[in-house]
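Coordinates in review
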Amino acid sequence: MWAYIKHSDGRTEEREFPVGVCIEIGDILEDGSIVIDVPYPDEIEDDAEFPDLYDD
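The structure displayed is predicted, hence computed values, not measured ones. (Residues numbered from 1 in each chain as written. Predicted model: local features only at pLDDT ≥ 70, side-chain atom pairs only at ≥ 80, totals over all residues. Heavy atoms only, no water.)

A few words now on the sheet that holds strand β1 (residues 2-6). Read across the open sheet, the three strands follow the order β2-β1-β3; overall the sheet is antiparallel. What marks the edges here is a single partner per strand, and that holds for β2 (12-16) and β3 (34-37). The average undirected angle you get between the axes of adjacent strands in this sheet is 45 degrees. Pairing geometry for β1 and β3, over three bridges, is antiparallel. Paired with Tyr4 across the two strands is Asp37, which belongs to β3. (Pairing = 2+ DSSP bridges. Helix = DSSP H or I, 4+ residues; strand = E, 2+ residues; numbered from the N terminus. Axes fitted to C-alpha atoms, helices over the stretch in contact; angles between N-to-C directions.)

Have a look at this one:
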């Protein structure tokens, strides 16, 4: 997963996060930087599989 983050000194960068990490816009990371954008693909594939978020 890729996200755009902003450092406390005003710099921005694009950072890759490992699979399974869930981040959202506004999250504050360990180094004090803030997530400012989480780009999503324009189209979701019809055969894409999504993990179940809730137990049945």
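Still more ground to cover, so stick around.
Further remarks concern the pattern of salt bridges. For the structure on display, the rule yields three salt bridges. Measuring nitrogen to oxygen at the nearest pair gives 2.9 Å for the salt bridge that ties Asp9 to Arg11. Its salt-bridge partner being Asp31, residue Arg15 comes within 3.0 Å of it at the nearest N-O pair. In this pair, Arg15 is assigned in strand β2 and Asp31 in the loop between β2 and β3, connecting sequence segments 16 residues apart. Sharing partners across several salt bridges, the network here consists of Glu13, Arg15 and Asp31. (Salt bridge = Lys/Arg side-chain N within 4 Å of Asp/Glu carboxyl O.)

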